[in-house]
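Understanding the architecture of this molecule
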Amino acid sequence: PPTIRQLLASPPSSPTAAIQVNGWVKSVRKQKKVAFAVISDGSSEPGLQAVFTDVGLAKQLTNGASVRLRGMLKDSPGAGQAKELQVSEAEVLGECDPETYPMQKKALTVEYLRDHCHLRARTREIGAMLRLRDSAATAIHDYFHNNGFIHVHTPIITSNDCEGAGETFRIAPSSDPPSTTPSPASSASTSTASSATTAQSTPSEYFHHPAYLTVSSQLHLEAVAAAISRVYTLSPCFRAERSQTSRHLAEFWMLEAEWAFTSSVDDVCTVVEGALRHLLRAHAASSEMEALWRARAAEGGADKRPELLALADAPQPWTRLTYTAAVDLLKAHHARTNAFVFAPDWGKGLQSEHERWLAEEHVRGPVFVTDYPASLKPFYMRANDASSPDHRAPGATVACFDLLVPGVGELVGGSLREERLELLEAAIERHGLDRADYAWYLDLRRYGGAPHGGFGLGFERLISWMSGIESVRECVAMPRWAGRMLL
Ligand code: 4AD
Ligand code: MG
């Protein structure tokens, strides 16, 4: 049978035939001669109004119960819905005790819902968020396919720490004793060890190798892009993030794209901007975005949909400025107003207060900040030379960008990748990495290396930006962050 969303989008071809609807009771109002209930199957918001002229049929209905109803779909005389179901048969499939049901009708706090993660998909907001995630992913696939990219599945288990930030989770079979000597370099010598190697000599390892959950698919995508030219993936990433912020999760999803034969950061920014414009255009009028922004407005916030839609169709490219220019702006603002806790200075990372000011007050919209100092960025970024926008000394800055957006801060990070073998080797050394660990990555430069670049976009941060949902913890069904028990 069709879902409620499908039913409402195209009412049954024969309006005289009874239809069947499955769902959960969201609310029920019983009067003497008629009863009303709202039934949701999660496919749409706000669900379907069911009308019981035989009040007896509604007797068993309580909030949260699962039901199967049969009846006729009719034009609704009431305001608030175009169609309603005039119920002729009702069956309760699963009862729900209104006394103990944790999801009472009263407003539930965000914290309460986090504690009841297994039930919170039943709320309007989380339901709308889940549908928004789904259609945003579909729009992403459309955009990349329309631009000649192919979707690849990259590994979750890896030996590399792509970002070099030491935020990896190490993995091991649960039958192994806890590791006491987690030294990836020393265990390299066990690579040819037979399965007879004792657990003692290779404690807590993945088949005798140190292994981690991936922090980013980038390096693997680069390998595939070196053959398939244009690739992308939307996959989970894991970071042992200690920061307890509204923007950080220990498990999050990242859209990453990588393509060969690009030689400018501008080019990479243009692809990011194109994807985001496509996403905004596809969603600004969706019922999910409407429900989510309405909820924000009800809390006293502004509905930013018109602003987001204007961005989608803005005639000019979104603002792009170099890190050097951004620091000059920040310094001038700080000199005038003493606004920041951390004084901005060339060579230092941008603090989130700096990022917020740039996006929310200075530009009042998305801003690509490009060409950061090499010392602030991972080893793989391409060193700028004399032709770069703000050349200082060779290698002082790298060909990269962060996209900052109001309300969220950093939404995307990307760069050209160093394709020149000697420079990459030098960068690996400078970052204190072991060249042997990157032998395969260096091969990509040795054999038919090509200029290439790409980016990574945090999917939960994207949902937060598009919907106004304040924390990324509410932008995924079952969030994982430091200190939270799993289910
Ligand atoms: O800036 P990051 O660390 O860049 C990379 O990992 C690159 N290797 C990506 C690439 O070029 N292929 O992460 C990219 C984005 C960030 O801009 C942010 O949106 C998101 O991933 N992100 C997180 N989102 C939620 N929780 C976290 N702990 C996140 N860490 C990064
Ligand atoms: Mg980053």
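Since we're looking at a predicted model, the values are computed, not measured.

A word on unusual backbone geometry
Residue P46 follows E45 across a cis peptide bond; omega there is 5°. Its location among the elements puts P46 in the loop between strand 2 (35–40) and strand 3 (48–52). One non-glycine residue, F207, lies in the positive phi region at around 45°. Locating F207 in the fold gives a position in the loop between helix 4 (184–187) and strand 8 (212–213). Overall, F207 belongs to the exposed group, with 12 C-beta atoms counted inside 10 Å.

Some remarks on the site of ligand 1
In the vicinity of ligand 1, 24 residues are found, and the nearest of them are S216, Q218, G413, G456 and G458. Contributing elements (two or more residues each) for the shell around ligand 1: strand 10 (251–260), strand 14 (409–417), strand 15 (452–458) and helix 13 (459–467).

So, the environment of R430
Here R430 is to be found in helix 11 (residues 421–430). Here R430 falls in the exposed class, since 12 other C-beta atoms lie within 10 Å of it. A C-alpha to C-alpha distance of 9.7 Å links R430 and S375, two positions 55 residues apart in sequence.

Looking at the sheet that holds strand 3
Sheets are built from strands paired through backbone hydrogen bonds, the pairs being either parallel or antiparallel. Reading around the circumference, 1-2-3-5-4 is the order of the 5 strands in this closed barrel, with mixed pairing throughout. Direction aside, neighbouring strands of the sheet carry axes that sit 55° apart on average. Pairing analysis gives 3 bridges linking strand 3 to strand 5 (residues 83–94), with the strands arranged parallel. Its bridge partner being in strand 5, A50 is matched across the sheet by L85.

Describing the sheet that holds strand 14
The sheet built from 8 strands is open, its strands ordered 6-9-10-15-14-13-12-11 with mixed pairing. In the strand order of this sheet, the two ends are held by strand 6 (150–151) and strand 11 (319–322), each with one partner. For strand 10 and strand 15, the ladder comprises 7 bridges, and the chain directions are antiparallel. Looking across to strand 15, one finds that A260 is bridged to H452.

Considerations on helix 12 (residues 439–446)
What helix 12 keeps buried is the set Y441, L444 and R445. The arc enclosing the buried residues of helix 12, seen along the axis, measures out at 100°, which places them on a common side. For helix 12, exposure combined with an orientation more than 90 degrees from the buried face picks out A439, W440 and R446. Elements that come into contact with the buried residues of helix 12 comprise helix 5 (218–228) and helix 11. Among the residues trailing helix 12, G448 stands out with phi positive, at a value near 70°.

Topic: the confidence of the model for the chain
Averaged over all residues, the pLDDT of the chain equals 92, while 94% of them reach at least 70. Across residues 183–201, confidence stays below pLDDT 50; counting only partners more than four residues off in sequence or on other chains, it has 16 contacts. In the predicted complex, the global pTM is 0.94; the interface-specific ipTM is 0.99.

Let's talk about the domain arrangement of the chain
The assigned domain composition of the chain is domain 1 (4–94) and domain 2 (126–171 + 206–474). On a C-alpha basis, the centres of domain 1 and domain 2 stand 45 Å from each other.

So, the environment of A139
Position of A139 among the secondary structure elements: in helix 3 (residues 124–146). Taking the number of C-beta atoms within 10 Å as the measure of exposure, A139 has 17 and is therefore partly exposed. Separated by 158 residues in sequence, A139 and A297 have C-alpha atoms that sit 26 Å apart. Residue contacts for A139: discarding those within four places in its chain leaves H278, L279 and A282.

Focus on the packing of helix 3 against helix 13
Where helix 3 meets helix 13, the axes come as close as 11 Å, and the angle between the chain directions of the two elements is 115°. Between helix 3 and helix 13, the interaxial angle falls into the category roughly perpendicular. In the packing of helix 3 onto helix 13, the handedness of the crossing is right-handed. Here M129, L132, R133 and A136 of helix 3 come into contact with helix 13, specifically with L462, I463, M466 and S467. Class assignment of the residues belonging to the contact of helix 3 with helix 13 gives a composition of 6 nonpolar, 1 polar and 1 charged.

Structural notes on the pairing of strand 10
Counted residue by residue, strand 10 has 9 buried out of 10 residues, so it is predominantly covered. Pairing geometry for strand 9 (residues 230–238) and strand 10, over 9 bridges, is antiparallel. The residue bridging V231 from the neighbouring strand is E258, located in strand 10.

Cut-offs applied
- Residues numbered from 1 in each chain as written.
- Chains lettered and ligands numbered in written order.
- Predicted model: local features only at pLDDT ≥ 70, side-chain atom pairs only at ≥ 80, totals over all residues.
- Helix = DSSP H or I, 4+ residues; strand = E, 2+ residues; numbered from the N terminus.
- Buried ≥ 20, exposed ≤ 12 C-beta atoms within 10 Å, placed from the backbone.
- Near = placed C-beta within 6 Å.
- Pairing = 2+ DSSP bridges.
- Axes fitted to C-alpha atoms, helices over the stretch in contact; angles between N-to-C directions.
- Arc of directions from axis to C-beta.
- Contact = placed C-beta atoms within 7 Å.
- pLDDT = per-residue confidence, 0-100.
- Domains from an automatic or database assignment.
- Parallel < 35°, antiparallel > 145°, perpendicular 65-115°, else oblique.
- Left-handed = near helix turned anticlockwise from the far one by under 90°.
- Nonpolar A, V, L, I, M, F, W, Y, C, P; charged D, E, K, R; others polar.

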